[in-house]
Amino acid sequence: MKVLVLGGAGYIGSHTALELVRAGSEVIVADNLSTGHLAAVPKGAVFQKGDLHDFGFLDKLFKSEKPDAVIHFAAFSLVGESMTDPLKYYDNNLCGTKVLLEAMVKNGVDKIVFSSTAATYGEPKSIPILESDPACPTNTYGETKLAMEKMFYWTAKAHGLRYVSLRYFNACGADADGKIGEAHDPESHLIPLILQVPNGQRESISVFGTDYDTPDGTCIRDYIHVTDLADAHILAVKYLMNGGESDIFNLGNGVGHSVREVIDTARRVTGHAIPAVEAQRRPGDPARLVASSEKAKKILGWKPGHDSLEEIIASAWKWHKDHPRGYI
């Protein structure tokens, strides 16, 4: 199996590329390195530097490498930034994906697994969230991902493309061997921000909003280990290779943890006090996001193997403690 991983130098993309290599697949990683890291690309993968907007680059890549399938991680994903610079997100996420689909159609590559998000749901009406629930994003990032899903749907109708869209919840943790992990600049994810405190990079962690309708007043999220996400992407590729129809799947542990719970768990794992400072809510943050992943378990045969919050944070802490400046 030969797989093209777009955005494979990023956080989830690099972990997926690594698991593909470990499984014996041929892997081509393409990334413009605007947010990814060359050091995160696993040994054994072919790396090609290029941009999603560049049809010539993609056309040449498909012609030379002839991948069986594509996994698409190449999108901007900062919720806050998407609210202040929405056109940047429409340009990269939608316009870039349009060019990708044009190149795929031209070259007869008809299988793609798409890195989507729980942000497509917005403020859910019920918990746990089902794939059949309404998709009403509350931020530009979620809106662009939903539009990308619809782009796949209509392209599939017109050109016979088959796709799997994976709507996952809060990606976290790091590979067990500690060689790759999460490194964003700027960092916006809760767990690495918390771990900057015991790493001496910040004095405290901010808690954005303490008046939500939740047991302790802070946002509740479903935290899913990045290696479990990687495994789901590989299962989705195999599902398409075996003739599976286009579909959408949630990926999460089905358990919600509040911001305060995550901070308390990090305190236990690191042995550090980790002071917390209360701050105002951020725009676009739903109170609760917890997944039902029963569909992925039933159809893809997926099962999270790292569902303990302590294990997730311990793996992240191992990476961040040893790599306080990321890949620098």
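One structure accompanies this document, and this report is about it. (Residues numbered from 1 in each chain as written. Predicted model: local features only at pLDDT ≥ 70, side-chain atom pairs only at ≥ 80, totals over all residues. Heavy atoms only, no water.)

Below, the discussion takes up the overall build of the chain. Helix and strand counts for the chain stand at 10 helices and 14 strands. Its C-alpha radius of gyration of 19 Å places the chain within 12% of the 20 Å reference for a compact globule of 328 residues. Residue burial in the chain is summarised as follows: out of 328 residues, 56% are buried. Contacts spanning at least 24 positions in sequence make up 78% of the contacts within the chain whose residues lie at least 6 apart. Charge separation in the chain, taken as the distance between the mean sites of 34 positive and 41 negative side-chain charges, equals 4 Å. (Helix = DSSP H or I, 4+ residues; strand = E, 2+ residues; numbered from the N terminus. Rg over C-alpha atoms; globule rule 2.2 N^0.38 Å. Buried < 20%, exposed > 50% of the residue type's maximum accessible area, 1.4 Å probe, protein only. Contact = heavy atoms within 4.5 Å. Lys, Arg positive; Asp, Glu negative; His and termini not counted. Charge placed at Lys NZ, Arg CZ, Asp CG, Glu CD.)

Right, let's get into the nonpolar core. One recurring pattern in soluble globular proteins: nonpolar side chains tend to sit buried together. Counting 33 residues, the largest nonpolar core has Ile12, Val113, Val164, Leu166, Leu251 and Leu300 as the members making the most contacts within it. Listed by contribution, the elements that provide at least two residues to this core are β1 (2-6), α1 (11-22), β2 (26-31), β4 (69-72), β6 (162-168), α7 (226-241) and β11 (247-251). Looking at which element gives the most residues to this core, the answer is α7, with 8 residues. Among residues more than four places away in sequence, those in contact with Leu166 are Val113, Phe114, Ser115, Ser116, Thr117, Ala232, His233, Ala236, Phe249, Leu251 and Leu300. The next biggest cluster of nonpolar side chains, apart from the first, holds 27 residues, and it includes Ala75, Val99, Leu101 and Phe152. (Core = buried A, V, L, I, M, F, W, Y, C linked by side-chain atoms within 4.5 Å.)

Bringing the sheet that holds strand β5 (residues 111-117) into the picture now. Note: strands within a sheet are paired through backbone hydrogen bonds, in either parallel or antiparallel orientation. In space, the 7 strands of this open sheet follow the order β3-β2-β1-β4-β5-β6-β11, with parallel pairing throughout. Two strands lie at the open edges of the sheet, namely β3 (46-49) and β11, each paired on one side alone. Along the sheet, successive strands turn relative to each other by an average axial angle of 20 degrees, direction set aside. Bridging between β5 and β6 involves 7 bridges; their strand directions are parallel. Within β6, the position partnered with Phe114 by the bridge is Ser165. (Pairing = 2+ DSSP bridges. Axes fitted to C-alpha atoms, helices over the stretch in contact; angles between N-to-C directions.)

Close approach of charged atoms lets side chains of opposite charge pair. For the coordinates displayed, the defined rule picks out 16 salt bridges. One salt bridge connects Arg267 with Asp264, and the closest N-O pair in it is separated by 2.7 Å. Of this pair, Arg267 and Asp264 are both found in helix α8 (residues 259-270), 3 residues apart, which corresponds to roughly one turn of the helix. Residue Lys297 is joined to Glu294 by a salt bridge in which the shortest nitrogen-to-oxygen separation is 3.7 Å. Of this pair, Lys297 and Glu294 both sit in helix α9 (residues 294-299), 3 residues apart, which is roughly one turn of the helix. (Salt bridge = Lys/Arg side-chain N within 4 Å of Asp/Glu carboxyl O.)

Quick look at helix α2 (residues 55-65) now. Burial in α2 covers these residues: Phe57, Leu58, Asp59, Leu61, Phe62 and Glu65. Measuring from the side-chain oxygen of the N-cap residue of α2 to the backbone nitrogen of Gly56 gives 3.1 Å; that N-cap residue is Asp54. Looking at the residues trailing α2, positive phi occurs at Lys66, about 50 degrees. (Polar contact = N/O pair within 3.5 Å; in protein donor to acceptor, adjacent residues only side chain to side chain.)

Quick look at the side chain of Arg162 now. Within the secondary structure, Arg162 is located in strand β6. Only 2.8 Å separates the side chain of Arg162 from the backbone oxygen of Leu240, close enough to count as a polar contact. One polar contact links the side chain of Arg162 to the main-chain carbonyl oxygen of Gly244, over a distance of 2.7 Å. If near-sequence neighbours (up to four positions away) are discounted, Arg162 is found in contact with Asp110, Lys111, Ile112, Leu240, Gly243, Gly244 and Ser246.

This part is about the sheet that holds strand β12 (residues 257-258). The 3 strands are arranged β12-β9-β14 in an open sheet whose pairing can be described as mixed. Across the chains shown, the open sheet's two edge strands, defined by having one partner strand only, are β12 and β14 (288-289). Judged from the 2 bridges that link them, strand β9 (residues 220-221) and β12 form a sheet pairing that is antiparallel. Bridge pairing in β12 links Ile220 to Ser258.

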